[in-house]
Amino acid sequence: MSRSLALFIAGLVAMSAIALVAASLLYGFDSRISIPAGPDQGVDIALGLLFWIVVTLVTSALPVKVPGGVMIAVAIAPCLAAMNLGGPAAAGWVALIGSTELRELRGEIPWYGSLSNHAGIVLPAVVGGVVLKALVPDPANPFVDLLGTALAAAVYSALNLFIASFIAALRARTPIRDVLRTGDRGVTFSFVALAPLAWLMTQTYERVGWWTTALYALPLYSIRLANERLVEMREMFTQTIGALAEAVDKRDPFTARHSLRVKEIASDIGRVMRLNSGEMEALEWGGLLHDVGKIGVPDYVLLKPDRLTREERQLMNSHPVLGAQIIAPVTKLAPELPIIRHHHEWYNGSGYPDRLLGLEIPKLARVLHVADAFEAMTAARPYRMKPLTTEQALGELRKFAGIQFDPEIVDAFVKTGWVDGVPDPGRAIEPRPVPMLATAAGLMLQATALADDGVELPAAPIPFAVVPEVGPRAIDAD
Ligand SMILES: [Fe+2]
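Residues numbered from 1 in each chain as written. Predicted model: local features only at pLDDT ≥ 70, side-chain atom pairs only at ≥ 80, totals over all residues.

The next point concerns the overall build of the protein chain. Helices and strands together make up the secondary structure of the protein chain, namely 21 helices and four strands. In the protein chain, buried positions account for 40% of the 478 residues. (Helix = DSSP H or I, 4+ residues; strand = E, 2+ residues; numbered from the N terminus. Buried ≥ 20, exposed ≤ 12 C-beta atoms within 10 Å, placed from the backbone.)

Okay, here's the thing in structure tokens:
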């Protein structure tokens, strides 16, 4: 366990303990939670508390694991009900004891894991209870009570998710943003949606009897099952994409794991550029699938060790369009389409398939192009058995920034761990004009069209852009 993780858990446990004791002393337990059994109200309250602890124990026995390592159980519903009926202290105690899992009893979780799990639920439960008490001091109006419960549930869920994600991030040594991003928001929101159910539980508990709580077992189990299926479906989708990417890489022994590495490099560039979660996800899947069109390139072209002929080169260069066609029917992968189609466009417009120019090229495709080129240069290929060193590859990226690559993306790449400690030549100081080929071609087409219409035009000069000095050859990118 890292020092920062130990410190965080220690702080969390201390805060939760203080919150629980303070809530017990300040608020006590509301008599609405009691189950009438005899003349002593204290016993009735204890009985009610015990009842909700048992219900919470049962519902937290099988939590759903969300990608990123965060565990969520439907136990939030009885916890919220206890919060509504008994106040912040009741919520805290029910959360503390009721959140015990089977894995803990079997000794599968280290003691500090148990401690942080419980503390991570107690603190949000007490804070949620205090919020509810402040919003609804008197639950006489059922509508206000319902609204207050929903808000308290939002506070509870958000705080619980933040604490759990923070611990998962510290444990995996990744930024908390990444854990929150990989977590499924659909699942998180569905737990907030348990608030109305929890409120209904309190109403029937109070008005009809404690036994009505059993009626909620089936809906709660269904929600849990739905969440589990959602997480499973998502995992299956990710694994299927991974398998598809591997199938492409496996065809060519020289590009084994190419897609996986491109995905990692592209994600690191994305992190430096502070891309949003949707863009990061598109980069990851786009990175894995960018060369999926190579499935349609014949072996004699794909595996040819010598230089490709003009026709073979055309076949090879059709892979971005083929890839986009293969992926197009998968609606969930719509954000990845532009990445796959345009990952071989050049910044100066001389790439393929659409000869897009500069910022016309989708941003994520420009990111992927840099990642793809760096991976290709630093890995062995049939036509170049000895890969370039990281320093040489970085030199090439810098040399071709503004021609093949977006200079801003190359700048972002330089800040990633892939070139840590490698001497960076920096952006070229001596600029020189380079023909913007796509623009020139566009102007020529326009001129031809106008000439066809009988309009006489003077010959248009080829436009130039000022870019750094270039070497004699272009960079490999698969
Ligand atoms: Fe490619």
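Continuing now.
Once that is clear, we can look at helix α1 (residues 3–27). The end-to-end C-alpha distance of α1 is 36 Å, a good match for the 36 Å that 25 residues give at a rise of 1.5 Å each. Tucked inside the fold, the buried residues of α1 contact α4 (88–98), α6 (111–135) and α7 (142–172). Looking one or two residues past α1, G28 carries a phi angle of roughly 65°, positive in sign. (Expected span 1.5 Å × (residues − 1). Contact = placed C-beta atoms within 7 Å.)

With omega at 5°, the peptide bond leading from Y352 into P353 counts as cis. As for its placement among the helices and strands, P353 is situated in the loop between α17 (337–342) and α18 (363–377). Of note, R274 is a non-glycine position whose phi angle comes to about 55°, a positive value. Position of R274 among the secondary structure elements: in the loop between α12 (258–272) and α13 (277–289).

What follows deals with helix α10 (residues 195–207). For α10, which comprises 13 residues, the first-to-last C-alpha distance of 18 Å matches the rise-based estimate of 18 Å (1.5 Å per residue) to within 8%. Buried residues of α10: A195, A198, W199, M201, T202 and Y205, and no others. The arc that holds every buried residue of α10, seen down its axis, measures 155°, which confines them to one face. (Arc of directions from axis to C-beta.)

This paragraph deals with the environment of S165. Note that S165 resides in helix α7. Judged by C-beta crowding, with 23 C-beta atoms within 10 Å, S165 ranks as buried. Residues S165 and R177, twelve residues apart in the sequence, show an inter-C-alpha distance of 8.8 Å.

The next point concerns the packing of α4 against α6. Two elements in contact, α4 and α6, have axes whose closest approach is 8 Å; the angle formed by their N-to-C orientations is 160°. By the angle class used here, α4 and α6 are roughly antiparallel. In this structure, α4 meets α6 at a crossing whose hand is right-handed. Within the contact between the two elements, α4 uses P88, A91, G92, A95 and L96 and α6 uses H118, I121, V122, A125, V126, G128, G129, V130 and K133. When its residues are assigned to classes, the contact of α4 with α6 shows nine nonpolar, four polar and one charged. (Axes fitted to C-alpha atoms, helices over the stretch in contact; angles between N-to-C directions. Parallel < 35°, antiparallel > 145°, perpendicular 65-115°, else oblique. Left-handed = near helix turned anticlockwise from the far one by under 90°. Nonpolar A, V, L, I, M, F, W, Y, C, P; charged D, E, K, R; others polar.)

A word on the environment of L315. As for its position among the elements, L315 is in helix α15 (residues 310–316). Between the alpha carbons of L315 and V297 there is a distance of 6.5 Å; along the sequence they are 18 residues apart. The contacts of L315, once residues within four sequence positions are left out, are V297, P298 and V301.

Let us now look at the nonpolar core. Membership of the largest hydrophobic core comes to 57 residues, with the highest contact counts inside it found for C79, L80, A82, A90, V94 and V126. Secondary-structure elements contributing two or more residues to this core are α1, α2 (41–59), α3 (76–86), α4, α6, α7 and α10. Among the elements that take part in this core, α7 stands out by supplying ten residues, more than any other. Among residues more than four places away in sequence, those in contact with A90 are F29, D30, I33, L49, A82, M83 and L85. (Core = buried A, V, L, I, M, F, W, Y, C linked by C-beta atoms within 7 Å.)

With that settled, consider the packing of helix α11 (residues 217–251) against α12. Orientation of α11 relative to α12, taken along the N-to-C sense of each, is 125°, at an axis distance of 8 Å. In this view, α11 runs oblique relative to α12, as classed from their interaxial angle. Note on element contacts: α12 touches α11 through H258, S259 and L260, opposite A245, V248 and D249. Here the contact of α11 with α12 is composed, by residue class, of three nonpolar, two polar and one charged.

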